[in-house]
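Listed below, chain by chain, are the residues.
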Amino acid sequence: MGNCEKFPFGPINSPRPGPTFEIDVAAPEIEVVKSSPLNVSMAVIIKKIINSINPKIEAIKIRDQHAQSIYNEKALKSSIQKIMQSVKHDGDQALIKLTEKFDKVKLDSNEIRVSETEIQNAQNQVSDDFIDAITFVKNRVENLSKITLDRLQYTYDQEKNINIKSLVRPIDSVGCYVPGGSASYPTTFIMSCVTSKVAQVPRIAVCIPPDLDKSINALTLATAHLIGIKEIYRIGGAQAIAALTYGTESIKPVKKIVGPGNRYVTMAKMLVNQELRVNMPFPPRIDLPAGPSEVLIIADSYANPRFIALDMIAQAEHGVHSIVGLVTTSKQIVDKVIMELTLSLIHI
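Treat the numbers as computed from the prediction; the structure is a model and nothing was measured.

Draft legend 1. Main features of the packing of helix α4 (residues 128-152) against helix α5 (residues 186-198). The contact between α4 and α5 brings their axes to 9 Å, and the two run at 40°. Compared by their axis directions, α4 and α5 come out oblique. As for the relative orientation of α4 and α5, their crossing is right-handed in sense. Residues Phe130, Ile134, Val137, Lys138, Val141, Glu142, Ser145, Lys146 and Leu149 of α4 touch α5, and the partners they reach there are Pro186, Ile190, Val194, Thr195 and Val198. Grouping the constituent residues of the contact of α4 with α5 by class yields nine nonpolar, two polar and three charged.

Shown next, in the form of structure tokens:
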């Protein structure tokens, strides 16, 4: 299949993007698809990669674009703080107002929660092939989660009747955020909710941004029905994280919040994790913050263009701020990947 490697952009173990840079590559043997903003640490890695591919490389010019970066954390943090406080003080009315502002959807208070009938009817709107595929994925995640849970529990017998036990007890409630609106992520639903089901968490609440017609994607709701999730709210963004944190008239607060989201959702979760610990006696815990999805693929002339294109699409679909790139020694690979991207996008 040829050599093909992928590298994540940004500093390792950093939940937030650092200063961004632009990389210009001057070498006839190297083709770069889509000039992308890169973190300085990644730029150094790329320089080493490119030099190893072609020692004749002339130069890599890095230009600081931090001032123009779309990730203005200070302004973003201030904006999310206002959203969080609005939901804390005004409850459902804030959710309705913010959903209309950001999602262009006007909800009534009785529409915030998705009805069980809507969840059940979604089964009739999807194909049998989808049900089979999602059942396969659900069973696989379920089996792995059971193995993981079993390994966390053990008994160690020592001499003189001294026993050491490790016991796992489920927390009272979990809030799962599942991205929606412009796309559907049934597999994200599975990865967020199935593990909680296996752990026997009594209450699992899910927040999903609505489509413009107020609906939730049928693929996602069919997945919820298959897993057995009944508490779903058509609320997205930072306001969903705020609702799961403070609670509103319609949404009770939870003990832990999990699931990926855009930078607004991520910032809201980080505020819950950092600042609210000072002001709240028992704030919900969060999983690891998920930043914008970024990938760089390094490929030679023997790599599979379709696989490269699919990897790029898989990352790019996560949001408008996702960054994908390809560095290759082959002009033919560039042309074929662009063709595969074009053909794939027609059918998405």
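That was the structure; now back to the text.
Draft legend 2. Structural detail: a nonpolar patch on the surface. Among the surface-exposed residues, Tyr154, Tyr156, Ile162 and Ile164 lie close enough to one another that they form a single nonpolar patch of about 410 Å² accessible area. Tracing the backbone through its elements, the reader meets Ile162 in the loop between β6 (154-157) and β7 (163-166).

Draft legend 3. Structural detail: helix α7 (residues 237-246). Burial analysis of α7 places 10 of its 10 residues in the buried class, the great majority of the element. Of the residues making up α7, those classed as buried are Gly237, Ala238, Gln239, Ala240, Ile241, Ala242, Ala243, Leu244, Thr245 and Tyr246. Each element contacted by the buried residues of α7 is listed here: α2 (73-103), β8 (173-177), β9 (203-207), β11 (256-258), α8 (263-274) and α9 (276-279). Just downstream of α7, Gly247 is the residue with a positive phi angle, here 85°.

Draft legend 4. Spatial organisation of the nonpolar core. With 35 residues, the main nonpolar core has Ile80 and Met84 as its most contacted residues. At the level of elements, α2, β9, α7 and α8 are the ones that each hand at least two residues to this core. When residues in this core are grouped by element, the largest group, nine residues, is from α2. In this structure Ile80 touches Ala238, Tyr264, Met267, Ala268 and Leu271, once residues within four positions along its chain are discounted. In terms of nonpolar packing, the next biggest core, distinct from the first, is built from 29 residues, Val141, Phe189, Ile204 and Ile216 among them.

How each quantity is defined
Residues numbered from 1 in each chain as written. Predicted model: local features only at pLDDT ≥ 70, side-chain atom pairs only at ≥ 80, totals over all residues. Heavy atoms only, no water. Axes fitted to C-alpha atoms, helices over the stretch in contact; angles between N-to-C directions. Helix = DSSP H or I, 4+ residues; strand = E, 2+ residues; numbered from the N terminus. Parallel < 35°, antiparallel > 145°, perpendicular 65-115°, else oblique. Left-handed = near helix turned anticlockwise from the far one by under 90°. Contact = heavy atoms within 4.5 Å. Nonpolar A, V, L, I, M, F, W, Y, C, P; charged D, E, K, R; others polar. Patch = residues over 30% accessible without salt bridge, like charges linked within 9 Å, V, L, I, M, F, W, Y side chains within 5 Å. Areas by Shrake-Rupley, 256 points an atom, 1.4 Å probe, with all protein chains shown as cover. Salt bridge = Lys/Arg side-chain N within 4 Å of Asp/Glu carboxyl O. Buried < 20%, exposed > 50% of the residue type's maximum accessible area, 1.4 Å probe, protein only. Core = buried A, V, L, I, M, F, W, Y, C linked by side-chain atoms within 4.5 Å.

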